[in-house]
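Structural description and commentary
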Amino acid sequence: MISKRVALSAALASALILAGCGGGEPAATESTEPQPTEAQVTQDVTLGLTYIPNVQFSPSYVAADEGFFEREGASVTIRHHGADEGLFTALLAGEEDMVIATGDEMLIARSQGMDLISVGQYYAKYPVSVIVKADSDIQSIEDLKGRKVGLPGEFGSNWYGLLSTLDSYGMSVSDIEVVSIGFTQLPALMSGEVDAVVGFTNNDMVQFSLAGVEARELQMAKEGELPLIGANVVTTSKFAGENPEAVKAVLAGLRAGKQFAVDEVDRTIEITKNYDPNLSAADAQEAAKAILTATNELFQVDGVVTMEQNLDTWAAMNEFLASQPDLLASEVNIAEAVTNDYVK
């Protein structure tokens, strides 16, 4: 973890000004020690990341290591969740102040009564894709009818991505055979256990390439983009309302970290090695570089790195999730669930 730094600049000086009083009374003293301004105050923030250290989180490591968070006014402690810990458990318990989590899972959790709000964009694009072998006769999503499609299970972004993709083509899960394969996309597809897999463009597709396996992604939406939100920066309405400057500082630091990752891939890998001990081996660094290069594509919209969220996509996602059985426990007011007010 990152150690806490001193909140106030050591350069603050103090002085005593003597004020004379009449009537023979002793001279009074008044301290005129300069008071910290907002820019000088550094607020402690714990930022949650899922499970184990990974190069996909490198912007947060960079922002901490390069002082981007501190420059903006936040002293950030990075906390990785335990494998058995809920995505928002620590946030709601006050053990974390902000967390990087997917927008779809956040919206579903909010519909269950959790005090969650998305305050900034992490991924600008939804990273889920349907993957087939390069020589497969499956050329489009419509060709999946009657075929076996593997994914970790009926949960999370893989599942929501599949549901949204099928919906885009006027299909449903009844048109395909869903196979739960855990996180074994590569062997499951290559062995012929399934005809296609649902995975991530910045992970599973990279793993296929590193293994020397030729594969391709199908077009996920028949028109435009899927109405889904990937990784975003989430906090509670309470924390955001009480600590607006801290939220702004973390978002600005992360934006700088993402830009650094895009511009300085090799240096970013070196920094990430300080947080992920698994990157000590040369082959692991090669894989990490490939994953980071793919992830950098997700940070950008037309080559621009931004934290600003697309509110129209959020509204479309809310409508889509509400149309699916048993996903939203209650109606969600998007105006209360997502905001760009903290993006500098």
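Throughout what follows, the structure given in this document is the object of discussion. (Residues numbered from 1 in each chain as written. Predicted model: local features only at pLDDT ≥ 70, side-chain atom pairs only at ≥ 80, totals over all residues. Heavy atoms only, no water.)

Moving on, we come to the packing of helix H1 (residues 58–65) against helix H9 (residues 244–263). Any two packed helices are characterised by how steeply their axes cross, that is the angle between the axes, and by the distance between the axes. The geometry of H1 relative to H9 is characterised by a closest axis approach of 8 Å and an angle of 110 degrees between their N-to-C directions. Put simply, H1 runs roughly perpendicular to H9. Residue-level inspection shows Ser58, Pro59, Ser60, Val62 and Ala63 of H1 in contact with H9, the latter providing Gly253, Leu254, Gly257, Lys258, Phe260 and Ala261. Looking at the contact of H1 with H9, its residues break down into six nonpolar, four polar and one charged. (Axes fitted to C-alpha atoms, helices over the stretch in contact; angles between N-to-C directions. Helix = DSSP H or I, 4+ residues; strand = E, 2+ residues; numbered from the N terminus. Parallel < 35°, antiparallel > 145°, perpendicular 65-115°, else oblique. Contact = heavy atoms within 4.5 Å. Nonpolar A, V, L, I, M, F, W, Y, C, P; charged D, E, K, R; others polar.)

In this section: helix H12 (residues 311–323). Taking 1.5 Å as the rise per residue, H12 with 13 residues should run 18 Å; its terminal C-alpha atoms sit 19 Å apart, in good agreement. Listed as buried for H12 are Trp314, Met317, Asn318, Phe320 and Leu321. Structurally, the start of H12 carries an N-cap: the backbone nitrogen of Asp312 is 3.0 Å from a side-chain oxygen of Asn310. (Expected span 1.5 Å × (residues − 1). Buried < 20%, exposed > 50% of the residue type's maximum accessible area, 1.4 Å probe, protein only. Polar contact = N/O pair within 3.5 Å; in protein donor to acceptor, adjacent residues only side chain to side chain.)

What follows deals with the pattern of salt bridges. Applying the stated criterion across every chain yields a total of 14 salt bridges. A salt bridge links Arg71 to Glu72, with the shortest nitrogen-to-oxygen separation between them at 3.8 Å. A relative accessible area of 54% places Arg71 in the exposed class. Relative accessible area serves as the criterion here: at 26%, Glu72 is assigned to the partly exposed category. The closest approach of N and O atoms between Glu270 and Lys273, which form a salt bridge, is 3.4 Å. With Glu270 and Lys273 both in helix H10 (residues 265–273) and three residues apart, the pair spans about one turn of that helix. Salt bridges sharing common partners tie together Arg79, Glu85, Glu95 and Glu96. (Salt bridge = Lys/Arg side-chain N within 4 Å of Asp/Glu carboxyl O.)

With respect to the element layout, Leu47 can be found in strand E3 (residues 43–49). Judged by its relative accessible area of 0%, Leu47 falls in the buried class. Spatially, the C-alpha atoms of Leu47 and Val233 are 9.4 Å apart, while their sequence positions differ by 186 residues. Apart from the residues lying within four places of it in its own chain, the contact partners of Leu47 are Ser60, Phe69, Val76, Thr77, Ile78, Arg79, Met98, Val99, Ile100 and Leu254.

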